[in-house]
Amino acid sequence: MAEVNPTIRTRLESVGRDLIDSIFRHGKPVTDRSRSQAVFTNLFLHLHPTRTHVRTLRPTTTLGLGTISFSLFVVLTVTGVLLMLYFKPSVELAYDSVKDIHYVVPLGRIMRNVHRWAAHLMVAAVFLHMFRVFYSAAYAKPREFNWLVGLALLVLTLALSFTGYLLPWDQLAYWAITIGANIAGSPSELTDALGITKWFDPGGLQKEILLGSQSVGGEALIRFYTLHVIVLPLVLSALIGVHFWRIRKDGGLARPGGTPTHAGKGASPEGTPASSPGEEPTKTYGLMCIVRDRRPATNLDPADTVPSWPYLLRAEVLIFLATFVACLALGLAFDAPLKELANPGIPENPAKAPWYFLGLQEIVSYSAFVGGLIVPAVTVLGLALVPYIDRDTTGTGTYFTSHRGRKWTLITLALAAVLAVVAVAVPVNIGWIRDWYPDASQLIVIAVNPGSLLMLAYAGWSLLVLRLTRSKRMAALALFTCFVVGFVILTYVGMELRGPNWDFFWSKADWPVH
Amino acid sequence: MPKRLEPEPLPRRDFLSLAGLTLTGLAGIGATMGGIRLLKPYVLPERSNRFTIGLPGEFPVGTERILPERNVVVRSTPAGVAVVSLVCTHLGCIVASTDEGFDCPCHGSRFTGEGDVVKGPAPRPLRWLEVWLAPDGKLVVDGGSEVSPGTFFGV
């Protein structure tokens, strides 16, 4: 090897140093100051705080669920873009192109499997994230708006999953979307019963806008594809940005006592200044500290915070990696399903929606309008209103708020489970209105069904808890626990206990052979 | 020239911003309505709802035949011919013929042979469709035109 001219080497080194300096504008992140700068001056890192509270880094505080959800979104974006290169969104080609991806495209099978698994996991992670946030009352002021953004992200996640469901154009896809589209059209159940569909048909309009047609076909495929690959991911990405940004602007993660942050924005409702008004600041501070008429948090002891670089970033990278590995392992072990080519003449029997909609499918099997539209709409509305009704900020950051909260959650757990089981058992064993009064008015059949009654019972129980405890937090815990329990039990019934013709079976072994 | 002695009822800048906001709002409403209009198709892409099912002679009295291509059942009685849709009125699955009538595989709706709901969530009876005789002598069914259940068309 030839000796490198030392002057050339020195020059190269100096150019390299200059290049790195021009990109990062600070030295190696070895001191607390340069570590803070590393986060602060980097576009991709600056959504992070420069320092992180130690409590935030405890695994039990968040269970990492938000980061897991975001990691899954990254996995889905990467695998999704790769799948787009081979997927052809037309009725004639879609099914075959998915088969090609599965059997012919190099590594296509693992990409498709990982995409499918990450999608299921993301729905689960987003739900669990919501459960975590709710039970630690992290929705309380000043984080109400971020709770709403999170709720929108949940709805968007479900919409992304639903639109992706149609794309393989197999029997599973076709009939799940046929059912879903008819649920969008189910207001006509009500307008039909009132006899006004001819003049006023919101259901028909919704269905036609969703499908671009009267039935699931090529137009629906293109619409779902467009929503799935561009519209919904863009909106979701934008809202993820807002969601992350607001975590910081709302004072970091919810902590017991609402510890003030470096920006002087405590979680305390009255907006108490971070340093007590009597004392004059003794430390110097930057302009960025003075926001919204608050005093700078110069006297805040930084002992309970650590530099985000490396502690927070390391935790995030580990969660990212673990999530990737889990998706890859699932994708290697289990193939994404692909049934026969869609056949508009023969429905799947049973035709089941994806698992997270099976709880709804259970109540849809009493009334499409109530089960498919009213109950979900009321649920989302109720979840959105919770932080605006429960204005209490005590217990923020503590699971179940207090010992009392734990007690009421457990009582509700038992009661809600019994109610949900009754709501399934009664129609299965002794039938429902139409079995007793075959000529019952359709309006009564729509309004009075196990789904709507269960929802009313849950709301009633929450009001009762409010009267008993005189605490809106306890009532909120009760209502949310009802929602969780109802969701879990009905989903289980839909997944495991319903067979052909949506009949009840204790085990899949009892399904009639056909 | 306007007289400057009288105070202006609405300051010029307020008026302009109000006008600007109003116009922006109107444009927004127009764009939204246009967007929705664009999404609702003028021409439905499906094949026509109207279809011929054959000569009346192909359906002698007593016939009950399912046409899987069209998801209808054709029934011929002394009173005439009737065509009933096999699309479940609940959520659009295709009902299967059984000894007692029709069963929907998706959410357990059951119908009598006449299409009346006996069980399950279906809000309405199965749809009976309009049938007539075309000039060429063939039976035509209009899938978009519903008649009251029990209507038979004499042919």
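Residues numbered from 1 in each chain as written. Chains lettered and ligands numbered in written order. Predicted model: local features only at pLDDT ≥ 70, side-chain atom pairs only at ≥ 80, totals over all residues.

**Regarding the overall build of chain A**
We count it as follows: Comment: elements are numbered from the N terminus, with helices defined as DSSP H or I runs of at least four residues and strands as E runs of at least two. With C-beta atoms placed from the backbone, the exposure class of a residue follows from how many other C-beta atoms lie within 10 Å of its own: 20 or more, buried; 12 or fewer, exposed; in between, partly exposed. With C-beta atoms placed from the backbone, a contact is any residue pair whose C-beta atoms sit within 7 Å.
Looking only at helices and strands, chain A has 20 helices and two strands in total. Here chain A, with 514 residues, has 41% of them falling under the buried criterion. Summarising the internal contacts of chain A: among those between residues at least 6 apart in sequence, 72% fall at separations of at least 24.

**With respect to the sheet that holds strand 7 (residues 110–112) of chain B**
Residue and element names in this part refer to chain B. Threshold: Strand pairing requires that DSSP identify at least two bridges connecting the strands.
Pairing is antiparallel across the open sheet formed by four strands, whose spatial order is 5-6-7-8. At either margin of the open sheet sits one strand with a lone partner, and together these are strand 5 (96–97) and strand 8 (117–119). Taken together, the three bridges between strand 6 (residues 101–103) and strand 7 define a ladder with antiparallel strand orientation. When the bridges of strand 7 are listed, D103 appears paired with R110.

**Considering the interface of chain B and chain A**
Size of an interface: often given as the accessible area lost when the parts come together. Which entries qualify depends on this criterion: Any residue outside Ala, Val, Leu, Ile, Met, Phe, Trp, Tyr, Cys, Pro, Asp, Glu, Lys and Arg is labelled polar, Gly included; the first ten of those are nonpolar and the last four are charged.
The interface is formed by 23 residues belonging to chain B together with 37 residues belonging to chain A. Its residues placed into classes, the side of chain B that touches chain A shows 13 nonpolar, five polar and five charged.

**Quick look at the packing of helix 19 (residues 450–469) of chain A against helix 20 (residues 472–497) of chain A**
Residues and elements named next belong to chain A. Put simply, the rule is: Axis definition: a line fit to C-alpha positions, over the contact stretch in the case of helices; interaxial angles, taken between N-to-C directions, run 0 to 180 degrees. These descriptions rest on fixed angle ranges, namely under 35 degrees for roughly parallel, over 145 for roughly antiparallel, 65 to 115 for roughly perpendicular, and the rest for oblique. Here a crossing is called left-handed whenever its near helix is offset anticlockwise from the far helix by less than a right angle, and right-handed whenever the offset is clockwise.
Running from N to C, helix 19 and helix 20 cross one another at 155°; their axes reach a closest spacing of 8 Å. Classified by the angle their axes make, helix 19 and helix 20 are roughly antiparallel. For the element pair helix 19 and helix 20, the recorded crossing hand is right-handed. Contact residues: helix 19 offers L454, Y458, W461, S462, V465, L466 and T469, while helix 20 offers K472, M474, A475, A478, L479, C482 and G486. Its residues placed into classes, the contact of helix 19 with helix 20 shows ten nonpolar, three polar and one charged.

**With respect to the environment of D170(A)**
Residue and element names in this part refer to chain A. As for its position among the elements, D170 is in the loop between helix 8 (144–166) and helix 9 (171–184). The buried category is assigned to D170, around which 22 C-beta atoms lie within 10 Å. In this structure the C-alpha to C-alpha distance between D170 and L341, which are 171 residues apart in sequence, comes to 4.4 Å.

**Description of the sheet that holds strand 10 (residues 139–147) of chain B**
Two orientations exist for strands paired in a sheet by backbone hydrogen bonds: parallel and antiparallel. All names here are of chain B. One open sheet accounts for six strands, arranged 1-10-9-4-3-2; its pairing is antiparallel. Edge positions in the sheet fall to strand 1 (50–54) and strand 2 (64–67), since each of these pairs with one other strand and no more. Across the sheet, the mean angle separating the axes of adjacent strands is 30° when strand polarity is ignored. Of the strand pairs in this sheet, strand 4 (residues 80–85) and strand 9 (residues 128–133) are connected by two bridges, and their pairing is antiparallel.

**Concerning the nonpolar core**
Operational definition: One nonpolar core equals one set of buried Ala, Val, Leu, Ile, Met, Phe, Trp, Tyr and Cys residues connected by C-beta atoms within 7 Å.
Membership of the largest hydrophobic core comes to 134 residues, with the highest contact counts inside it found for L72(A), A118(A), M122(A), A173(A), A176(A), I177(A) and A478(A). Once residues within four sequence positions are removed from consideration, A118(A) is found in contact with L72(A), V75(A), L76(A), T79(A) and C327(A).

**Side note on unusual backbone geometry**
Residues and elements named next belong to chain A. Residues W309 and P310 are joined by a peptide bond in cis, for which omega reads 10°. Summarising the element assignment, P310 is placed in helix 13 (residues 308–333). Of note, the bond from N349 into P350 is cis; its omega dihedral lies within 30 degrees of zero at -5°. Among the secondary structure elements, P350 is positioned in the loop between helix 13 and helix 14 (358–364). Of note in this structure, W169 is not a glycine but carries a positive phi near 55°.

**With respect to the confidence of the model for chain B**
To keep it simple, the criterion reads: As a per-residue measure, pLDDT reflects the predictor's confidence and takes values from 0 up to 100.
Looking at chain B as a whole, the pLDDT averages 88, with 96% of positions reaching at least 70. Both scores are available for the predicted complex, with the pTM at 0.88 and the ipTM at 0.85.

**Concerning the domain arrangement of chain A**
All names here are of chain A. Filter applied, for reference: For the purposes of this description, domain bounds are those given by an automatic or database domain assignment.
Entries for chain A in the domain assignment read domain 1 (32–273 + 286–344) and domain 2 (349–514). Domain 1 and domain 2 are separated by 24 Å when their C-alpha centres are compared. On the side of domain 2, 31 residues touch domain 1, which itself brings 34 residues to the contact. Elements with a minimum of two residues in the side of domain 1 that touches domain 2: helix 7 (108–135), helix 8, helix 9 and helix 10 (187–194).

**Considerations on the pairing of strand 9 of chain B**
Regular strands have side chains that alternate between both faces of the sheet. All names here are of chain B. When strand 9 meets strand 10, the two strands line up antiparallel, connected through six bridges. Across the sheet, residue V131 finds its bridge partner in strand 10, namely V141. Linking two consecutive strands that pair antiparallel, namely strand 9 and strand 10, is a turn of five residues; a positive phi of about 90° is found at G137 within it.

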